[in-house]
Amino acid sequence: MATIRSLAAMTAEEVAAARASNPDAFGDSRRSLLVYGAWVITGIYLLWAFWYFDFAKLLEPSENAQRLLVALFRWEDMGSWQYANIYRGIAETLAMAFLGTFLASLVALIVGFLAARNIVRFGLWRHTVRRILDVFRGVDQLVWALVFVRAVGLGPLAGVLAIFISDIGTLSKLYSEAIENIDRKQVEGIKSTGAGPVRTIRFGILPQVFPVFLSQSLYFLESNTRSATILGIVGAGGIGMIIIERFRATLYDQVLFVVINVLILVAIIDWVSKFIRMKFIGEQRD
Amino acid sequence: MAITTDSTLTETGHRPDPVGVYEQHRKELKRARLGQNILFFLLFFGLLVFSVVTSQFYPERLASAFPRIFEYFQTILPALEWDLLFEGRDENGRAVAGSLTYWYTDLPKYIELIWETILMAITGTLLGTAGALVLCFPGSRNLVRSSVVYFFARRFMEICRGVPEILIALVFVFAIGVGPLAGILAVAIHTAGALAKLFAEVNENVSQRPIDGIRGVGGNWFEQMRYGVLPQVLPNFVSYGLLRFEINVRASSIIGFVGAGGIGQELNRVISFYSDDRVLAVLILVVLTVTAIDLISERMRLYFIGKENI
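The model shown is predicted, which means the values in this text are computed figures rather than measured ones.

Cut-offs applied
Residues numbered from 1 in each chain as written. Chains lettered and ligands numbered in written order. Predicted model: local features only at pLDDT ≥ 70, side-chain atom pairs only at ≥ 80, totals over all residues. Heavy atoms only, no water. Helix = DSSP H or I, 4+ residues; strand = E, 2+ residues; numbered from the N terminus. Rg over C-alpha atoms; globule rule 2.2 N^0.38 Å. Buried < 20%, exposed > 50% of the residue type's maximum accessible area, 1.4 Å probe, protein only. Contact = heavy atoms within 4.5 Å. Areas by Shrake-Rupley, 256 points an atom, 1.4 Å probe, with all protein chains shown as cover. Expected span 1.5 Å × (residues − 1). Polar contact = N/O pair within 3.5 Å; in protein donor to acceptor, adjacent residues only side chain to side chain. Disulfide = S-S within 2.5 Å. Buried area = accessible area lost by both parts, 1.4 Å probe. Salt bridge = Lys/Arg side-chain N within 4 Å of Asp/Glu carboxyl O. Axes fitted to C-alpha atoms, helices over the stretch in contact; angles between N-to-C directions. Parallel < 35°, antiparallel > 145°, perpendicular 65-115°, else oblique. Nonpolar A, V, L, I, M, F, W, Y, C, P; charged D, E, K, R; others polar. Patch = residues over 30% accessible without salt bridge, like charges linked within 9 Å, V, L, I, M, F, W, Y side chains within 5 Å. Left-handed = near helix turned anticlockwise from the far one by under 90°. pLDDT = per-residue confidence, 0-100. Phe/Tyr/Trp six-rings, centres within 6.5 Å; stacked < 30°, edge-to-face > 60°.

Digging into the overall build of chain B
- When its secondary structure is counted, chain B shows 12 helices and zero strands.
- Counted from the first residue to the last, chain B has its helices and strands arranged as α-α-α-α-α-α-α-α-α-α-α-α.
- At 29 Å, chain B has a C-alpha radius of gyration far larger than the 19 Å of a compact globule built from 310 residues.
- Each of the three principal axes of chain B carries a C-alpha extent, and together these read 100 × 70 × 40 Å.
- The buried share among the 310 residues of chain B stands at 43%.
- Here the analysis covers contacts within chain B between residues at least 6 apart in sequence; of these, 66% occur between residues at least 24 apart.
- Summing over all exposed atoms, chain B offers an accessible surface of approximately 17500 Å²; the carbon and sulfur share of this is 65%.

Now the structure itself:
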């Protein structure tokens, strides 16, 4: 192997010797069989799925689809669009997301400590708290919204409660993980000065985890603004109610206008929370 | 440096009082930040008041709503009886009230719909991942020379992932009719946008050398991507794909709310029309399915990353 030669000039023995000395460079036939097998199975599955779910329907020209496409992009009678209603809906969406995230953060601040391994040593209690949180998180926000609409009626209150409950589950979990990852030294330092449990948490733990908490809550504010737009589809307040109402009334141009507005709102919140994170928490990248 | 001077000063006694100096410094810092803090507190408080007023989150409404929430949860609890719990059907084929069979009378229908939900998630994830794989290379800053291509690839991704799945599903249900196909397409489009962004971020962190190597032996752009970039990023792609699959199972389970197939359709029907144990029956099944798939997918994810990292 001292000189590099053309592959065609190599004898069969030389190739075999090279294969024996560098087995990794030649690829494993069993492994490649596995890879090809996976591709074939995926291909067969997709073909079957195309048949099972009737993808051929997509090729048929649909009158509805044509009408929809035209109506989405031809904006008519823009003077009569009831902008006040639309922007009230958007404000309601933002309010729901903000209030839901804020209240959930407050509760998660306490529950997070109760579910952290290094704070609560009693295992049974911690596991109970965690399983309850799993249920809050396991049920989708939209399902919570539907349930709360049944329980407290149509309107933004159901939306706030839905965001609140599902975020308690997620935020508490994230908070408790942050608490479990703290540096013990600061806590021991505070304890050695004779501080009680409350002061240990306040001065030993909270300063370490607060930036993480804030940053996560900001992420959730953004993601909740997104999800609050669709909560209205089941009647839980916000812009979703306007979207579904206009959609049913076949005012597709207004639907597109509202969706564009929501995207802009989400982009603004994204930008503001990035700014807050960079300025106050000192995060360089998100 | 500062610490050494401080300690020498204290030792020699030139420094009056370290605690005093600390407090002084702290006071100065606090004063400097006071204005900013007040401003942010006011903004925050203003936003809070605005939110409370807009969503009418008033104490009296809450107080009247609270008992109703508990009442509702009581109505969806099943009336199970211990001694009849495992009672089967009687000779007429009717289930005994109070037994599990009675609670889950519609179980075959639920199972079928959950199976459909999982298939929707798999198909949507596969199609979406394929779309993301195509989109992510033109959407990576370091892999394309034309900034026009980059710009349009990025904007396209943003549109795909910016619009919520359920809205896309709503549009598709209208365009091609009620059924799981609308749900699959909605999931696929959203997945393509979301994954393409993550894939592009992975692509932007690859080593340039294998790409240069492929270019050096005369590989065109596609060959550079296939043999230079893809082997570096594939384990990450698989892991992100599986993570997305978990998210898509959740999404497919609710996308039926607008008529786009899966268990969501049944869930919506049951919650909207009945206020009895059927609601809880479907909810439990959905949560169990989602949790089980999360666990399986997590195992697979660890397997893929673990294997490739060794």
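Alright, that's what it looks like, and here's the rest.
So, helix H7 (residues 141-152) of chain A
Residues and elements named next belong to chain A.
- Here H7 is 12 residues long and its end C-alpha atoms lie 16 Å apart, about the 16 Å a rise of 1.5 Å per residue gives.
- Most of H7 sits out of view: 11 of its 12 residues are buried.
- Along H7, the residues classified as buried are Gln141, Leu142, Val143, Trp144, Ala145, Leu146, Val147, Phe148, Val149, Ala151 and Val152.
- Two or three places before Leu142, at the start of H7, stands the capping residue Asp140, its side-chain oxygen 3.0 Å from that residue's backbone nitrogen.

Details of the state of the cysteines
- According to the stated counting rule, one finds zero disulfides over all chains in the structure shown.
- Cys136 of chain B takes part in no disulfide bond, and the closest cysteine sulfur to it belongs to Cys160 of chain B, at a distance of 13 Å.

Description of the interface of chain B and chain A
- Listed as interface residues are 56 residues of chain B and, on the opposing side, 56 residues of chain A.
- Considering only the side of chain B, the residues that lose the most area to chain A are Phe57, Phe174 and Leu181 of chain B, jointly responsible for 13% of the buried surface there.
- Put simply, chain B and chain A have zero salt bridges between them.
- Scanning the region where chain B abuts chain A turns up four residue pairs in polar contact (both at pLDDT 80 or more).
- It is helix H2 (residues 18-54) of chain B that contributes the most residues to the side of chain B that touches chain A, nine residues altogether.

What to know about the packing of helix H5 (residues 83-114) of chain A against helix H11 (residues 239-248) of chain A
Residues and elements named next belong to chain A.
- Two elements in contact, H5 and H11, have axes whose closest approach is 7 Å; the angle formed by their N-to-C orientations is 140°. Classified by the interaxial angle, the pair formed by H5 and H11 is oblique. Side by side, H5 and H11 meet where Asn85, Ile86, Gly89, Ile90 and Thr93 of the first sit next to Ile239, Ile242 and Arg246 of the second.
- Along the lines of polarity and charge, the residues of the contact of H5 with H11 split into four nonpolar, three polar and one charged.

Describing a nonpolar patch on the surface
Residue and element names in this part refer to chain A.
- A surface patch of nonpolar side chains, amounting to about 660 Å² of accessible area, comprises Trp75, Met78, Ile260, Ile264, Ile268, Trp271 and Val272.
- Structurally, the position occupied by Ile260 is in helix H12 (residues 252-281).
- With relative accessibility at 36%, the residue Ile260 sits in the partly exposed group.

Examining the packing of H5 of chain A against H2 of chain B
- Packing of H5 of chain A against H2 of chain B leaves a shortest axis separation of 8 Å and a crossing angle of 115°. When the axis of H5 of chain A is compared with that of H2 of chain B, the two are roughly perpendicular. Once H5 of chain A is placed against H2 of chain B, the crossing between them reads as left-handed. For the pair formed by H5 of chain A and H2 of chain B, the contact residues are Ala91, Glu92, Leu94, Ala95, Phe98, Leu99 and Phe102 of chain A on the first element and Phe44, Leu47, Leu48, Phe50, Ser51, Val52 and Thr54 of chain B on the second.
- Within the contact of H5 of chain A with H2 of chain B, the residues separate by chemical class into 11 nonpolar, two polar and one charged.

With respect to the confidence of the model for chain B
All names here are of chain B.
- Averaged over all residues, the pLDDT of chain B equals 85, while 92% of them reach at least 70.
- Considering each helix and strand of chain B separately, the mean pLDDT is smallest for helix H1 (residues 2-12), with a value of 48, and largest for helix H8 (residues 180-203), with 94.
- For residues 1-10, every residue scores under 50 in pLDDT, and the model assigns this stretch five contacts once sequence neighbours within four places are set aside.
- Listed scores for the predicted complex are pTM 0.81 and ipTM 0.79.

Considering the pattern of salt bridges
- In this structure the tally under the stated criterion is 16 salt bridges over all chains.
- Between Lys173 of chain A and Glu177 of chain A there is a salt bridge; the shortest N-O distance is 3.5 Å. In this pair, Lys173 of chain A and Glu177 of chain A are both assigned in helix H8 (residues 156-180), four residues apart and thus about one turn of the helix distant.
- Glu266 of chain B serves as the salt-bridge partner of Lys109 of chain B, at 3.5 Å between the closest nitrogen and oxygen. Of this pair, Lys109 of chain B sits in helix H5 (residues 107-136) while Glu266 of chain B sits in helix H11 (residues 263-273), and the two are 157 residues apart along the sequence.
- On the accessibility criterion, Lys109 of chain B (35% relative accessible area) is partly exposed.

Let's talk about the packing of aromatic side chains
Residues and elements named next belong to chain A.
- Summed over all chains, the structure comprises 28 aromatic pairs over all chains.
- When the ring of Trp48 is compared with that of Tyr52, the centres are 4.8 Å apart and the planes differ by 20°; the resulting orientation is stacked. With Trp48 and Tyr52 both in helix H3 (residues 29-52) and four residues apart, the pair spans about one turn of that helix.
- With centroids separated by 5.8 Å and ring planes inclined at 90°, the aromatic side chains of Trp75 and Phe257 adopt a geometry described as edge-to-face. Here Phe257 lies in helix H12 and Trp75 lies in the loop between helix H4 (63-73) and H5, a separation of 182 residues in the sequence.
- Relative accessible area serves as the criterion here: at 31%, Trp75 is assigned to the partly exposed category.

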